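Residues per chain are reported as follows:
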Amino acid sequence: MKTPQPPSTGISLNEHLRAESKAPDDLRHLIIHIATAAKYIQFALRTTEAGLAGTTNQFGEEQVKLDVLSDKIIRQHLTESRLVASLASEEHDEIVELSPSAPYSVVYDPLDGSSLVETNLAIGSIFGIYAGSEILGRKPSQQVAALYVFYGPRTILTYSAGKGVHSFLLNDVGEFILLRGYVGIGDSAKNFSAGNLKAVGENEGYRALVEHWMEHLTMRYSGCMVADVHHIFSKGQGVFANVGGGEYPEGKLRLVFECGPFAYLAEQAGGAASDGTQPLTAKPITSITQRTPILLGSKEEVRRAEEMLG
Ligand code: P6P
């Protein structure tokens, strides 16, 4: 019988942050704290029963137990880092001040797609990091880093600290090891992921766009933004859309927690992210409940979407 091989000893997340991204030590430490929280969440997903928590978040969405638990885990690790001045979580309706003189503020969706937990589909956590204590009035372009953790058959952490997008695999000894450096998004797409599809009933431009994509591209859609956008990063092409119409006049997704971090990452990977009229990285955050249309991925399709939705 073949003896099990030691897990890959490729470059670690910590070393990559230091040597490749040349991140300041306090930013590197903060991202490592976030990565540690993700390991506890990954463990909880495997061991904690799914099911509803019996509470709702600020958006009136029913919280599952793992939403609440993931939020607590992240908040604990951000607090223990002593590096966070203020934080905003999708699960809470206000910005929380932690250590006023700390260097960074963190915005996060602790468990994006959590309604899919009981279906055993992949879900994720999304993080944006700003320097200083202010969140409102900032633009996603002012993030100093953004990252997401994808809890699928494998747990993958993807980050950018301003020098490209890099993916790391959680190995068997609990370390994030480099899987792919300098992830890129090509200009043309083969796949599309269209959310808030009910909007086609009243949004003629969106109907025409989705019909075009159905004729020319292949759909890949799971209902979890982390999984669907990760598909674009891992394939190096694709376009993700969630635009206004029906129950969500501005689209379903939130600027600060979901669209801002992913817009930063998409641009770092050579792709584009737009609200249909402007780059999402240039869109000021006016409130933590602010929703926005999003078109993200291969530049040619984001431009096509801007024209057809225009
Ligand atoms: P729709 C999950 O609830 C979520 O917030 C995102 O992860 C996902 O992209 C979107 O909502 C799904 O939207 O319109 O397909 O239900």
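Numbering of residues starts from 1 in each chain and follows the order in which that chain's sequence is written. Totals for whole chains, interfaces and linings use every residue, but because this is a predicted model, local features are given only for residues with pLDDT of at least 70 and side-chain atom pairs only at 80 or more, for both listing and counting. Neither water nor hydrogens contribute to the side-chain values; these are computed over all heavy atoms in the structure.

J.: Would you mind going over the domain arrangement of the chain with me for this structure?
T.: Partitioning the chain into domains gives domain 1 (13-180) and domain 2 (191-309). As used throughout, domain bounds are those supplied by an automatic or database domain assignment. On a C-alpha basis, the centroid separation for the pair domain 1 and domain 2 is 21 Å. Working rule for contacts: check all heavy atoms of both residues, and any pair within 4.5 Å makes them a contact. With 50 residues of domain 1 at the interface, the matching set in domain 2 holds 32 residues. For the pair domain 1 and domain 2, the two sides together bury roughly 2,900 Å², of which 66% comes from carbon and sulfur. For the domain 1 face of the interface with domain 2, the top three residues by lost area are F59, P140 and Y148, together amounting to 20%. Summed over both partners, buried area is the accessible surface (1.4 Å probe) that two parts give up on being assembled.

J.: Honestly, the site of the ligand in this entry has me stumped. Any pointers?
T.: Around the ligand, 14 residues are found, and the nearest of them are D112, N196, Y221, G223 and M225. We call two N or O atoms a polar contact when they sit within 3.5 Å, provided that within protein one can donate a hydrogen and the other can accept it, with sequence-adjacent residues counted only if both atoms are side-chain atoms. With respect to the ligand, the backbone of M225 contributes an N or O atom lying 2.8 Å from an oxygen atom. K252 is positioned with one of its side-chain polar atoms (N or O) 3.3 Å from an oxygen atom of the ligand. Accessible areas in this description were obtained via Shrake-Rupley with a 1.4 Å probe; residue shielding takes into account the shown protein chains only. Surface burial for the ligand is 80%, taken as the share of its 410 Å² of free accessible area covered by protein chains. When the residues that make up the shell around the ligand are grouped by side-chain class, the tally is 5 nonpolar, 5 polar and 4 charged. In this text, near means that some heavy atom of the residue lies within 4 Å of the molecule or strand in question. Amino acids are sorted into nonpolar (Ala, Val, Leu, Ile, Met, Phe, Trp, Tyr, Cys and Pro), charged (Asp, Glu, Lys and Arg) and polar (every other residue, Gly among them).

J.: Would you mind showing me how to read the side chain of S125 here?
T.: Structurally, S125 is set in strand 6 (residues 123-131). Here S125 falls in the buried class, since its relative accessible area comes to 0%. Among the polar contacts made by the side chain of S125, one reaches the main-chain carbonyl oxygen of P110 at a distance of 2.6 Å. S125 has contacts with I41, D109, P110, L111, L147, Y148, V149, Y151 and V226, leaving out every residue within four places of it along the chain. Helix and strand assignments come from DSSP, with helices taken as H or I runs of at least 4 residues and strands as E runs of at least 2, each series counted from the N terminus. Each residue gets one of three labels from its accessible area relative to the maximum for its type: buried under 20%, exposed over 50%, partly exposed in between, using a 1.4 Å probe on protein chains only.

J.: Honestly, the sheet that holds strand 12 (residues 218-219) in this entry has me stumped. Any pointers?
T.: Any two strands are treated as partners once DSSP identifies two or more bridges connecting them. The mixed open sheet is built from 5 strands, whose spatial order is 12-11-13-15-14. The open sheet has two edge strands with one neighbour each: strand 12 and strand 14 (272-274). Two elements, strand 13 (residues 239-242) and strand 15 (residues 294-297), share 4 bridges in a ladder whose sense is antiparallel. For N242, the partnering residue across the bridge sits in strand 15 and is I294. Interaxial angles span 0 to 180 degrees and are taken between N-to-C directions of axes, which are lines fitted to C-alpha atoms, for helices over the stretch in contact. Across the sheet, helix 5 (residues 225-235) touches strand 11 (191-195), strand 13 and strand 15, and the angle it forms with strand 13 is around 150 degrees. Each of strand 13, strand 14 and strand 15 is contacted by helix 7 (residues 299-309), which is oriented at about 160 degrees to strand 15, the strand it contacts most.

J.: Please clarify how the pairing of strand 15 should be interpreted in this entry.
T.: The side chains of a regular strand alternate, residue by residue, between the two faces of the sheet. The two faces of strand 15 match: I294 and L296 on one face and L295 and G297 on the other face are all buried. When strand 14 meets strand 15, the two strands line up antiparallel, connected through 3 bridges. By the bridge assignment for strand 15, S274 is matched with L295.

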